[in-house]
Amino acid sequence: MHVCKPKPASFLSDLKREFSGYSTSTFTKDLMAGLTVAAVALPLALAFAVSSGQSAASGMITAIISGLVIAGLGGASYQISGPTGTMAMILITVGAHYGIEGVLFATFLSGVVRLLAGVLRVGALVSYIPSPVVTGFTSGIAIIIAFGQIDPFFGVTSTGTQIPQMIASYVRDGFAIHLPALAYGLFVVLFMIFWPKKWNAKVHASLLSLIIALVAQMVLNLPVAEVGSIPRTLVAADRLHLLSMPWHHFGSLISPAISIAALGMVESLLCGTYASKMKKEKFNATRELYAQGIGNVIIPFFGGIPATAAIARTSVAIRAGQQTRLTSIIHAIGLLLSMFLLGPFLSRIPLAALAGVLIVTAWRMNDWIAIRRIFRKRIKTSMAQFLITMGATVFFDLTVAIFAGIAFSMVMFIVKSHKISIEIDPVTAELGAGAKRTKVVYVDGQLFFGSQNQLTEVTESLIGDGAERIIFSLRGVPSIDHSSINELSDIVRLCRSKGVDVYLVGLQKPVRSLMERLDFIHLIGEERIFSSAVIALESLT
């Protein structure tokens, strides 16, 4: 992933390069791709907003503003941003405690956090997240999204904001299925599953299924929950006001805001990295963080919710022939026109139909190829990373899930890395009669705190067997830490106390440099260090 510090001159030069040779043909491709993405984004914008406990209008506003602002300033030409299901549970929890004002303020704070992340240039850190952790995280979010649709899909009601709480309420209060709602939901799910892929490229199944459900509801007027009124305005009545921001809730909302920011950063940067391979175009992660930050600072003043780059919509744009960031801007204009022209119709869409769209979307979010590879190949560490991250995502805070997956990966790395290879070569016979009993210890691997005591155990064993001279060959040691140098110092002192000569050979530059800084070279003596075991043995005969 290409990461660099964004500069105005650099941004303008990238824009000039992006639009170099722009023509009517190029615009036509952007136009068609933009309209295609708008058709995909429309139902998702409505569905993700409603699933987050917010109004459908807030989803439309978010998709429109982010499509204009974030795309215009983003780190690549292809990113399509908008509301996603990643933050649904966090927004539901914030909304339950602090209302819409709390959600808007948390969105604003998350934008500030992303701006700070851009200043600190932390965009490259996402490349250090192991693939199974990302896959588990995505699958966990998919489960949360799908589970959050049970109420509208079946027409039931639950209490609580966490999955265990919702399950408990179903057991306690019963699960009385509302057949009309289930009919709409099942229709959309089956329609999206069986709609031919070759037709999907021209008319997206999710949009068409919602249109059919909408027409059916307008004709039949069944007793099911609907989206509700969608105001024909880009500035919602419930929005953040600059002069009356709820700073008294800062202490309570900064934690969920950081979680929203972290999730948004991970999703945006993963989307950018993934799509850069599809488009074969460089991705500027730092600039993307600035764009995401600015967008999320602005959006709540219009009444929108958190936005982030969406892999599904970005992939659709690229496959539809996207050429420049005008695709995202056109998609935003298309959504704006839909909001003003189709608002009264969109308000009649059954929530069960939107739930069906999200259930299928959640299923398709999973990286099934990667999941099958992890479990078919029986890669135990990867399986554990996937399951731990997915489980933590479902049952705990989403940010905790990422950290849990990374922490487990780090522990497993340490466990595996502590195993160093040690081979002992008895060379006494080659030195001639009367020579000291000499052993060459060949060490291969990183010497750090996790591998402590292994060299000490080998040394004690050699001394017990009567060795009079020990040569440690560290040519296969690329790095060493403070703890291991302390261990070597103890080994030198142990050997001297037993009358055993000790030598080092084949020190790599980083290893020798740290040894010099910690005065180990002074302890052992420069005369006891050689470039190779052969030279050492020749010098000692």
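Scroll up a little and you will see the structure.
All values reported here derive from a predicted model rather than from experimental measurement. (Residues numbered from 1 in each chain as written. Predicted model: local features only at pLDDT ≥ 70, side-chain atom pairs only at ≥ 80, totals over all residues. Heavy atoms only, no water.)

Caption draft 1: Local environment of helix α5 (residues 131–147). Here α5 is 17 residues long and its end C-alpha atoms lie 24 Å apart, about the 24 Å a rise of 1.5 Å per residue gives. The buried count for α5 comes to 13 of 17 residues, which makes it a mostly enclosed element. (Helix = DSSP H or I, 4+ residues; strand = E, 2+ residues; numbered from the N terminus. Expected span 1.5 Å × (residues − 1). Buried < 20%, exposed > 50% of the residue type's maximum accessible area, 1.4 Å probe, protein only.)

Caption draft 2: Seen up close, the nonpolar core. Counting residues in each nonpolar core, the largest one holds 81 residues, and the members touching the most others are Leu46, Ile230, Leu335, Ile349 and Leu354. The element best represented in this core is helix α2 (residues 24–51), accounting for 11 residues. If near-sequence neighbours (up to four positions away) are discounted, Ile349 is found in contact with Leu46, Leu210, Leu214, Ala225, Glu226, Val227 and Leu354. Leu447, Val477, Ile491 and Val492 belong to the second-largest nonpolar core, a separate cluster that totals 29 residues. (Core = buried A, V, L, I, M, F, W, Y, C linked by side-chain atoms within 4.5 Å. Contact = heavy atoms within 4.5 Å.)

Caption draft 3: Spotlight on the packing of aromatic side chains. Applying the stated criterion to the full structure yields 15 aromatic pairs. Taking 5.3 Å as the distance between ring centres and 65° as the angle between the ring planes, the aromatic pair formed by Trp195 and Trp199 counts as edge-to-face. Residues Tyr503 and Phe530 carry aromatic rings whose centres are separated by 6.3 Å and whose planes lie at 45° to one another, so their mutual orientation is tilted. With Tyr503 in strand β6 (residues 501–505) and Phe530 in strand β7 (residues 529–530), this pair connects stretches of sequence that are 27 residues apart. On the accessibility criterion, Tyr503 (8% relative accessible area) is buried. In this structure Phe530 comes out as buried when scored by relative accessible area, which is 17%. Aromatic rings pair up to connect Phe105, Phe108, Trp247, Phe250 and Phe301 into one cluster. The ring centre of Tyr503 lies 5.0 Å from the NZ or CZ of Arg528, which sits over that ring. (Phe/Tyr/Trp six-rings, centres within 6.5 Å; stacked < 30°, edge-to-face > 60°. Lys NZ or Arg CZ within 6 Å of the ring centre and 35° of its normal.)

Caption draft 4: Inspection of the pattern of salt bridges at higher detail. This structure, assessed with the given rule, holds 9 salt bridges. Among the salt bridges present, the one from Lys279 reaches Glu281, with a minimum N-O distance of 3.3 Å. When the shortest N-O distance is used, the salt bridge between Glu516 and Arg512 registers 2.9 Å. One end of the pair is Glu516 and the other is Arg512, both in helix α21 (residues 509–517) and 4 residues apart, which spans about a single turn. Salt bridges here are not isolated pairs; linked through shared partners, they connect Asp14, Arg17 and Arg287. (Salt bridge = Lys/Arg side-chain N within 4 Å of Asp/Glu carboxyl O.)

Caption draft 5: The pairing of strand β4 (residues 438–444), seen in detail. Among the 7 residues in β4, 5 count as buried, and that is most of the element. Taken together, the 6 bridges between β4 and strand β5 (residues 469–476) define a ladder with parallel strand orientation. Across the sheet, the residue bridging to Lys439 is Ile470, located in β5. (Pairing = 2+ DSSP bridges.)

Caption draft 6: Representation of a nonpolar patch on the surface. Residues Leu68, Met218, Ile333, Leu337, Phe340, Leu341, Leu342 and Phe345 make up a contiguous nonpolar surface patch of about 710 Å² in total accessible area. The element contributing the most residues to the nonpolar patch is helix α14 (residues 326–346), with 6 residues. Summarising the element assignment, Leu341 is placed in helix α14. (Patch = residues over 30% accessible without salt bridge, like charges linked within 9 Å, V, L, I, M, F, W, Y side chains within 5 Å. Areas by Shrake-Rupley, 256 points an atom, 1.4 Å probe, with all protein chains shown as cover.)

Caption draft 7: Quick peek at unusual backbone geometry. You will see that Arg121, though not glycine, has its phi angle at about 55°, which is positive. Here the phi dihedral of Asp519 falls at roughly 65°; this positive angle occurs in a residue that is not glycine. On the basis of relative accessibility, which here comes to 52%, the residue Asp519 falls in the exposed class.

So yeah, pure geometry; function would need other evidence.
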